[in-house]
Amino acid sequence: METTNSNNRLATLIADLEENAVLALVQERLAAGDDPLQIIDDCNAGMRVVGQRYENGEYFVSALIMSGEIFREVVELAQPLLEKRANGQSSGLVLIGTVSGDIHDIGKNMVGMLLSCYGFTVVDMCVDVPPANFAQKAIEVKPDIVGLSGLITASFEMMRETITALREKAAANQVSFPIMIGGSMVDEQVCRYVGADYWEKDAMSGVRLCQELAAKK
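Residues numbered from 1 in each chain as written. Predicted model: local features only at pLDDT ≥ 70, side-chain atom pairs only at ≥ 80, totals over all residues. Heavy atoms only, no water.

Observations concerning the nonpolar core
A general trend in soluble globular proteins is that nonpolar side chains are found buried together.
Stage number 1. Judged by nonpolar contacts, the single largest core of 38 residues is most densely connected at V22, I40, F71, V74 and L114.
Stage number 2. Looking at this core, the elements with two or more residues in it are α1 (2–15), α2 (19–31), α3 (36–55), α4 (61–86), β1 (92–98), α5 (106–117) and α9 (203–215).
Stage number 3. Counting residues per element, this core draws most heavily on α9, at 7 residues.
Stage number 4. Beyond its immediate chain neighbours, meaning those up to four positions away, F71 contacts I40, C43, N44, M47, M110, M113 and L114.
Stage number 5. In terms of nonpolar packing, the next biggest core, distinct from the first, is built from 24 residues, L95, F156, M158 and V194 among them. (Core = buried A, V, L, I, M, F, W, Y, C linked by side-chain atoms within 4.5 Å. Buried < 20%, exposed > 50% of the residue type's maximum accessible area, 1.4 Å probe, protein only. Helix = DSSP H or I, 4+ residues; strand = E, 2+ residues; numbered from the N terminus. Contact = heavy atoms within 4.5 Å.)

Structure below.
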């Protein structure tokens, strides 16, 4: 019961943007020997609440930015233990980036941090990435999975162009990789329109999908 209460408390503190209290509790739980991945999962539960409050108009963009910064600090605290557990083994290589015309990176950064926590090697192309650049990088690094991010509806057309460029370049070089898209506005219809293989709205769901895809390799 104590652990469950601690889990819920951490999620609540993240949701309420209580930075100092979050970091103190994380340090306390790590010192007590709690699973760092469980701590990350608990923080992610709080991040989902932040997203819901933003969608409901209770929070503004500044809250999203602040929660993302708190999450980054939590990951930094847990990282040494996570790296020790991984023992130099990579779960797979994931190429991520936000498509051309979109400079939003909060969700993408969260996915990148979570993937790293779960042992993936992440190549992050940052934001506003032209289709040709994305495609060329994919040929260079030969990822196991490619993830495209786009927060605004105007990103959908560029997602489509980027995926077309990725597939053409991959076919010409005889390589293949699944392509997933993410963002608060994406759904199954958008996934079909842009030509992606998979879609996820939630960062943790994206990580779980990457784990499933990597396991099939």
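Digging into the sheet that holds strand β4 (residues 179–182)
Stage number 1. Strands sit in the order β2-β1-β3-β4-β5 across an open sheet of 5 strands; the sheet is parallel. Each end of this open sheet is capped by a strand with a single partner; those strands are β2 (120–124) and β5 (198–200). Recorded for the sheet is a direction-independent mean angle of 25° between the axes of neighbouring strands.
Stage number 2. Judged from the 5 bridges that link them, β1 and β2 form a sheet pairing that is parallel. (Pairing = 2+ DSSP bridges. Axes fitted to C-alpha atoms, helices over the stretch in contact; angles between N-to-C directions.)

What to know about the layout of surface pockets
Stage number 1. Considered as a void within the structure, the largest pocket measures approximately 1,000 Å³ in volume.
Stage number 2. As for the largest pocket, its lining consists of 38 residues, of which G107, L151, G183, S184 and K201 are closest to the centre.
Stage number 3. Of all the elements in the fold, those that place two or more residues in the lining of the largest pocket are α3, α4, β1, α5, β3 (145–149), β4 and α9.
Stage number 4. Among the elements that take part in the lining of the largest pocket, α3 stands out by supplying 8 residues, more than any other.
Stage number 5. When its residues are assigned to classes, the lining of the largest pocket shows 18 nonpolar, 13 polar and 7 charged. (1 Å grid on protein atoms, 1.4 Å probe; cavity = no way out; pocket = protein on both sides within 12 Å on 5 of 7 lines; lining within 4 Å. Points joined across faces, edges and corners; volume = space filled by probe spheres on them. Nonpolar A, V, L, I, M, F, W, Y, C, P; charged D, E, K, R; others polar.)

Observations concerning the pairing of β3
Stage number 1. Taking burial as the measure, the 5 residues of β3 include 5 buried ones, the bulk of the element.
Stage number 2. Where burial is concerned, the two faces of β3 agree: the one with I145, G147 and S149 and the one with V146 and L148 are both buried.
Stage number 3. Sheet topology note: the β1/β3 ladder contains 5 bridges and is parallel. Residue V94 lies in a different strand from β3, and its bridge partner there is I145.
Stage number 4. Pairing geometry for β3 and β4, over 4 bridges, is parallel. When the sheet's bridge partners are listed, S149 is paired in β4 with G182.
Stage number 5. Handedness of the crossover joining β3 and β4 through helix α7 (residues 155–172) is recorded here as right-handed. (Right-handed = clockwise from strand over helix to strand, strands pointing away.)

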